[in-house]
Amino acid sequence: MKFAFSEISIPKRGSLAVAIYADKAFSPTAEVVDKKTKGALSRALETSRFTGKQGDFLEIAAPSGLEVSRVVLFGLGDPEKLTTTDMETLGGSLVKRLNTAGARSVTVILDELNAKEFKTNEAAASIAGGAMLGSYRFRKYKTDIDEAAEPTLARMTVSCKGSATARKAFADIEALNEGVFLTRDLVSEPANELYPESFAGRCLELSDMGVHVEILDEAKMQRLGMGALLGVGQGSRRDSRLVIMQWNGATTKKAGKKPLAFVGKGVCFDTGGISLKPGPGMEEMKWDMGGAGTVTGLMKALAGRKAKVNAVGVIGLVENMPDGNAQRPGDIVKSMSGQTIEILNTDAEGRLVLADALWYTQDRFKPEFMIDLATLTGAIIVTLGHENAGLFSNNDALSEQLFAAGKAVGEGVWRLPMSEAYAKQTKSPIADLQNIGTGGRGAGSIVAAEFLQKFVNDTPWAHLDIAGMAWSKADKPITPKGGTGYGVRLLDKFIRDNYEGK
């Protein structure tokens, strides 16, 4: 799908989309269109439930007086209260409606809005950005294509005053969305195609964008003492990998500044190991690498828009399989930190991968902070459903920045408590730590976070448990059914607002 921007003018072909405000108030362009069609818009409003509130749509086919094939009225409610997320949702919703109608092109006209949060040309860029996100489809393995169900919309033009500025703003959004798409692609891939070695190969492709990529094989990780990570993957015929991606985009003056660090869990398939998961639903465990997918997509987004920061992304890539060589409940492994871990449940494997990845990151890079992302616990879905990721942190300022960024882009996080009372549950009677808590299923997500905190030292750190957010079973305006790409836009906004250029 292609996107363009222009100054305001009525198109001579395709579809036209114009705004109606709260209480059926016409935008300036809607008034012009109503006159040209001799009151067609007014008559349509009189005989419909359309009121102009956000989310309202009304389609008028081939009205007399215009050369377009249809006019779509979209409600904006009170323009002063609009947010960037509202405009993205509008773009995604328009794409879905027009595809259903079989439209091939559309011109969206956006008159001056007087919104408090953004300028109108920024809103125009957000509409296109939302439309781009909403147009995503993962069709790589489809050979029997149902043409009647395929998207038809090939072009969207957004018309507004100051369209050149909108076009420039969209360039950054487009680069960000390409990072989201990479994450969605990775999460959607089947495990026979995306395994540690092939995932590492996908990361290596970012070298063409200026990302420095290193790949550690099992021998190198063994020399570093990464017994926690390697233990998870020892039951698979696929060798494990640790991938380090560095984007050095800060100005020369700030080249020596501590990097921003992002760490991702990359369990490319999780059977649960010897502590085998139930069969129903296990096919979904191909997306247990969602945290690593988000980190990889973020690195692409930062490189794509030439972000003025130094950032490092570290992802631990393994398969958790049952095998004669697999890790057993009761085994004890030694992590890179030197701490020993008793394995009580081989399905609590993600925290073992992150233990070594986090320690490696803080030890090597001495970063400004570390943020890890992981589809870590089913318990977080019980707690927060599919509306927010769980946030755990040793730093209040970092938590507040992440919460604000999530709210701004519609990728929510919610902070949960951490304390010594929970941390005690990670203590083992025969090793330094155990990989599940002593309290049974209670506070499972918190205990997992307390385990991770043992491997961050004094580094400011946040853990995002995205188990409820990486995959969606429902199609939404800017998020498809399947891989969501959650976290890329959240972290990009977090970086823009708090660290870029500072």
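See the structure shown above.
The structure presented is a predicted model; accordingly, all values stated were derived computationally and were not measured.

Participant: I would appreciate a short explanation of the nonpolar core in the present structure.
Facilitator: Note on soluble globular proteins: their nonpolar side chains tend to be buried together. Counting 54 residues, the largest nonpolar core has F199, M245, F262, I315, I371 and F494 as the members making the most contacts within it. A total of six residues in this core trace back to one element, the largest contributor, which is helix α9 (residues 290-304). With near-sequence residues (within four places) excluded, F494 lies in contact with F369, I371, L398, Q401, L402, A405 and Y499. Y21, L98, F118 and L176 belong to the second-largest nonpolar core, a separate cluster that totals 43 residues.

Participant: Quick question: what am I supposed to make of the sheet that holds strand β17 (residues 433-434) here?
Facilitator: Hydrogen bonds between backbone atoms are what pair the strands of a sheet, whose relative direction is either parallel or antiparallel. Pairing in this open sheet of three strands is mixed, and the strands run β12-β13-β17 from one edge to the other. If you trace the sheet from one side to the other, it starts and ends with β12 (332-334) and β17, each paired once. Note that β12 and strand β13 (residues 340-342) share three bridges and pair antiparallel. Looking at β13, one finds that K334 is bridged to T340.

Participant: What is the right way to read the packing of aromatic side chains from this model?
Facilitator: A ring pair, where both rings are aromatic, is described by two values, the distance of the centres and the angle of the planes. Counted by the stated rule, this structure contains eleven aromatic pairs. Between the aromatic rings of W287 and W471, the centroid separation amounts to 6.2 Å while the plane-to-plane angle is 10 degrees, which identifies the pairing as stacked. With W287 in the loop between β10 (260-270) and α9 and W471 in strand β19 (residues 471-472), the pair connects residues that are 184 residues apart, well separated along the chain. Between F451 and F455, the aromatic rings sit 5.4 Å apart at their centres with planes inclined by 45 degrees, giving tilted as the arrangement. In this structure F451 comes out as buried when scored by relative accessible area, which is 1%. Assessed through its relative accessible area of 0%, F455 is described here as buried. Connected via pairs of aromatic rings, a cluster forms that spans F262, F369, F494 and Y499.

Participant: Sorry if this is basic, but what is going on with the environment of A40 here?
Facilitator: Assignment of secondary structure puts A40 in helix α2 (residues 40-46). Taking relative accessible area as the criterion, A40 reaches 12% and is therefore assigned buried. Note: C-alpha distance between A40 and P63 (23 residues apart in sequence) is 6.8 Å. Sequence-distant contacts of A40, that is, excluding residues within four places in its chain, are made with D34, I60 and P63.

Participant: What is the right way to read the pairing of strand β11 (residues 310-320) from this model?
Facilitator: The element β11 is largely enclosed, with a buried count of eleven among its eleven residues. On β11, burial covers both faces: N310, V312, V314, G316, V318 and N320 on one face and A311, G313, I315, L317 and E319 on the other are all buried. Looking at chain direction, β10 and β11 are connected through ten bridges and run parallel. Looking at the pairing, D270 lines up with N320 of β11. A crossover links β10 with its parallel partner β11, the connecting element being α9, and its sense is right-handed.

Participant: Looking at this structure, how should I read the sheet that holds β10?
Facilitator: Spatially, the eight strands line up as an open sheet ordered β8-β9-β11-β10-β14-β18-β15-β16, and their pairing is mixed. Only two strands of the sheet have a single neighbouring strand rather than two, namely β8 (212-216) and β16 (413-415). Between one strand axis and the next, the sheet turns by 20 degrees as a mean value, whatever way the strands run. Both β10 and strand β14 (residues 369-374) contribute to a ladder of five bridges, which runs parallel. Bridge assignment links L260 to a residue of β14, and that residue is F369. In the packing of helix α6 (residues 196-204) onto the sheet, the strands contacted are β8, β9 (241-248), β10 and β11, and the crossing angle to β11 comes to about 160 degrees.

Participant: Is there a simple way to think about the pattern of salt bridges in this case?
Facilitator: Between side chains of opposite charge, pairing is possible as soon as their charged atoms come close. Taken as a whole and judged by the stated rule, the model has 20 salt bridges. Ionic pairing is found between K473 and E284, a salt bridge with its closest N-O pair at 3.5 Å. Highlighted residues: K473 in the loop between β19 and β20 (482-483) and E284 in the loop between β10 and α9, separated in sequence by 189 residues. One salt bridge connects D331 with R328, and the closest N-O pair in it is separated by 3.2 Å. Since its relative accessible area comes to 47%, R328 is described here as partly exposed. If you follow the salt bridges from partner to partner, you end up with D172, R305, D492, R496 and E500 in one network.

What counts and what doesn't
Residues numbered from 1 in each chain as written. Predicted model: local features only at pLDDT ≥ 70, side-chain atom pairs only at ≥ 80, totals over all residues. Heavy atoms only, no water. Core = buried A, V, L, I, M, F, W, Y, C linked by side-chain atoms within 4.5 Å. Buried < 20%, exposed > 50% of the residue type's maximum accessible area, 1.4 Å probe, protein only. Helix = DSSP H or I, 4+ residues; strand = E, 2+ residues; numbered from the N terminus. Contact = heavy atoms within 4.5 Å. Pairing = 2+ DSSP bridges. Phe/Tyr/Trp six-rings, centres within 6.5 Å; stacked < 30°, edge-to-face > 60°. Right-handed = clockwise from strand over helix to strand, strands pointing away. Axes fitted to C-alpha atoms, helices over the stretch in contact; angles between N-to-C directions. Salt bridge = Lys/Arg side-chain N within 4 Å of Asp/Glu carboxyl O.

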